[in-house]
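# Descriptive analysis of the structure
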Amino acid sequence: MSLGGTPIGPGAFGGLKASSLALIRGERTLFTDLSFDLASGELLRLLGPNGSGKSSLLRALLGLTPLARGQLLAGPAGRRLTPREVCAQTLYQGHAHGTKGELTAIENLALAAELDDSLAGSEVTRVLDAALDEVGLVRQRHIETRRLSQGQKQRLNLARFAIGLQVANRPLWLMDEPSAALDASGLAVLEGLLGRHLARGGAAIVATHLPIAPTQGKARELHLEPFAPRRVREGLAERAP
Amino acid sequence: MTEFGAITWAVRRDLRLAMRRRGDILNVLGFFVLACSMFPLAIGPQREWLQRIGPGVIWVAALLSIMLALPRLFEHDHADGTLDAMVASGRPLWALIAGKLIAAWLVTALPLLALTPALALAFNLPTSSLPVLLGSLLLGTPVLIGIGAITGALALGLKSGPVLMTLLCLPLYVPVLVFGAGAVEAQAAGLSPLAHLALLGAGMLAVLTLAPPVAALALRISVE
């Protein structure tokens, strides 16, 4: 049993434009003057070595980490978006799994989906079961998530996105290393979900080290360069050799 | 999801988590009872002394028990990434925190209140002072939890977080303790405890209004 997808019209998501973003963490400048566009139906693969700021960029888009400079616009020439507005139209999966180990898989999924506002109507159990079935966790649904493997927890996160496909309220997906710990069939599930999301007019930014290829839609790449670290010593900023 | 929906979501979530971690509730209750029973052992079983110190001891023990439980309010959620998910959900953070505080009161303060009559008996308090003691705890414990939420959110993620939180909290708890224990004392002295209770109530209203948005601000800084 597979869940259907709700189309996202141009009214719900007209794209995203980031202009001249700069991010400084403590004494380290992760990037300056980073600009990119994201149109409906597009996947942006965020590539770069460890520590180049992929996770921080995703967090900064949501306002979890403040940007030093730059702004986010709705569409190519749209108005400026506040972090709160970006959050409200985003499904975000962070670096940590974001599940409570004491709760079962289905309880975690239900709570997450309720918070996303993607569980509407009376068929809640059917939708939850269908989403767990899709990611191959239906037999583990009543197992506490602390007993699940890393890959299974990652699949549980994917189930949340499968439910997100049902509603049009969160057209932007931000995923931090969704392929980590996933096996080949898990990766296929991820690529299938991303494909269906792009096909319905959604968009996604995925930080990854793997060449994730969505089954449908367009994929582009954004490379984050390792920035030369700046050291602050005795009050003077100097570039490291 | 409306604000109300966000509040009930957080209450249901945290109550369910508390039910899975009943040991935590029992630890706090055990601490409360043991802390109270240390005093008679230390100062001897003279009836009038116990009666005299009873309300104060129960109040201090309740205060310390709540402080024992409070560091957990945000720490687990911070460590497993669910706090990030809550902030990133775009739901009103103050409402999610308000829900968490309601749940925290239900699982930490309410059991303390339920045990208080038994401890009052152990301290030989007159039955007539029990309603005032319970009333002062009913009004005062939300203040303790609200202040603890703000300091806990500020100290979140710091290496010495729980200790720092204790140091920040205790001075702010002093007025609550003074008026809480003072209410019972006033009644024992034949005065009306209403002034103390009214001040506690005012404090409660202020904290109920201020704690969720202030803690939300502090959390946004802490998750950076």
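Definitions and cut-offs
- In every chain, residue numbers begin from 1 and rise along the written sequence.
- All chains are assigned letters beginning at A, and all ligands numbers beginning at 1, according to the order in which they are written.
- The predicted nature of this model means local features are confined to residues of pLDDT at least 70 and side-chain atom pairs, given and counted, to a pLDDT of 80 or more, with totals for whole chains, interfaces and linings taken over all residues.
- Put simply, DSSP marks the helices as runs of H or I at least four residues long and the strands as runs of E at least two long, and each gets a number from the N terminus on.
- Once C-beta atoms are placed from the backbone, each residue is buried if 20 or more other C-beta atoms lie within 10 Å of its own, exposed if 12 or fewer, and partly exposed for counts between those two.
- Here the globule rule reads 2.2 Å times residues to the power 0.38, and the radius of gyration is calculated from C-alpha atoms.
- Placing C-beta atoms from the backbone, we regard two residues as in contact once those atoms come within 7 Å.
- As a working rule, the residues Ala, Val, Leu, Ile, Met, Phe, Trp, Tyr, Cys and Pro are called nonpolar, Asp, Glu, Lys and Arg charged, and the rest polar, with Gly in that last group.
- Two strands are counted as paired when DSSP detects at least two bridges linking them.
- Orientation is described by axes fitted as lines to C-alpha atoms, over the contacting stretch for helices, and by angles from 0 to 180 degrees between their N-to-C directions.
- For a helix, the expected span equals 1.5 Å multiplied by the number of residues minus one.
- Throughout, the bend at a residue refers to the angle made by two axes, fitted to the seven residues ending there and to the seven starting there.
- By definition, pLDDT measures how confident the predictor is in each residue, and it falls between 0 and 100.

## Side note on the overall build of chain B
- The helix and strand inventory of chain B stands at nine helices and zero strands.
- Secondary structure elements of chain B occur, N-terminal to C-terminal, as α-α-α-α-α-α-α-α-α.
- Principal-axis analysis of the C-alpha atoms gives chain B an extent of 55 × 30 × 30 Å.
- When each of the 224 residues of chain B is scored for burial, the buried share is 46%.

## Considering the overall build of chain A
- Looking only at helices and strands, chain A features six helices and ten strands.
- Computed over C-alpha atoms, the radius of gyration of chain A comes to 18 Å, within 12% of the 18 Å expected from 2.2 N^0.38 for 241 residues, which places it in the range of a compact globule.
- Dimensions of chain A along its principal axes, counting C-alpha atoms only, are 60 × 40 × 30 Å.
- When contacts within chain A are restricted to residue pairs at least 6 apart in sequence, long-range pairs at least 24 apart make up 73% of them.

## Considerations on the interface of chain A and chain B
- Contacts between the two partners involve 22 residues from chain A and, on the opposite side, 19 residues from chain B.
- When contributions to the side of chain A that touches chain B are tallied by element, the ones reaching two or more residues are helix 2 (83-88), strand 5 (90-93) and helix 3 (105-116) of chain A.
- Among the elements that line the side of chain A that touches chain B, the one with the most residues is helix 3 of chain A, at four residues.
- Class assignment of the residues belonging to the side of chain A that touches chain B gives a composition of ten nonpolar, six polar and six charged.

## Some details on the sheet that holds strand 4 (residues 69-74) of chain A
Residue and element names in this part refer to chain A.
- With antiparallel pairing, the three strands of this open sheet are ordered in space as 2-1-4. Two strands close off the open sheet at either side, each with one partner strand: strand 2 (28-38) and strand 4. The sheet shows a mean angle of 15° between the axes of neighbouring strands, taken without regard to direction.
- Across the sheet, helix 1 (residues 54-61) touches strand 1 (16-25), strand 2 and strand 4, and the angle it forms with strand 1 is around 120°.

## Remarks on the sheet that holds strand 5 of chain A
All names here are of chain A.
- Spatially, 5-6-7-3-8 is the arrangement adopted by the five strands of the open sheet, whose pairing is parallel. Of all strands in the sheet, those with a lone pairing partner are strand 5 and strand 8 (218-223), marking the two edges. Along the sheet, successive strands turn relative to each other by an average axial angle of 15°, direction set aside.

## Considerations on the environment of Arg45 of chain A
Residue and element names in this part refer to chain A.
- Relative to the elements of secondary structure, Arg45 occurs in strand 3 (residues 42-47).
- Judged by local crowding, Arg45 falls into the buried class, with 20 C-beta atoms found within 10 Å.
- Separated by 166 residues in sequence, Arg45 and Pro211 place their C-alpha atoms 8.2 Å apart.
- Sequence-distant contacts of Arg45, defined by excluding residues within four places in its chain, comprise Val206, Thr208, Ile212, Ala219, Glu221 and Leu222.

## What to know about helix 8 (residues 161-188) of chain B
Residues and elements named next belong to chain B.
- An ideal rise of 1.5 Å per residue puts 40 Å on 28 residues; helix 8 measures up with 39 Å between its terminal C-alpha atoms.
- Of all the bends found along helix 8, the most pronounced is centred on Tyr173 and spans about 35°, while Pro175, a proline, follows it within four residues.
- Inspection of helix 8 places Met165, Cys169, Tyr173, Val176, Phe179, Gly180, Ala181, Gly182, Ala183, Val184 and Gln187 among the buried residues, and these make up the whole buried set.
- Those residues of helix 8 hidden inside the fold are in contact with helix 3 (47-69), helix 7 (130-155) and helix 9 (194-222).
- Positioned one or two residues after helix 8, Gly190 has a phi angle of 85°, which is positive.

## Things to note about the confidence of the model for chain B
- Summary statistics for chain B give a mean pLDDT of 92 and a share of 100% for residues scoring 70 or more.
- Two summary scores accompany this predicted model of the complex, namely pTM at 0.90 and ipTM at 0.87.

## A few points about the pairing of strand 8 of chain A
All names here are of chain A.
- The buried fraction of strand 8 amounts to zero of the six residues, a small share that puts the element mostly on the outside.
- Of the pairings in the sheet, the one linking strand 3 to strand 8 comprises six bridges and is parallel in character. Residue pairing in the sheet places Leu43 in a bridge with Ala219 of strand 8.

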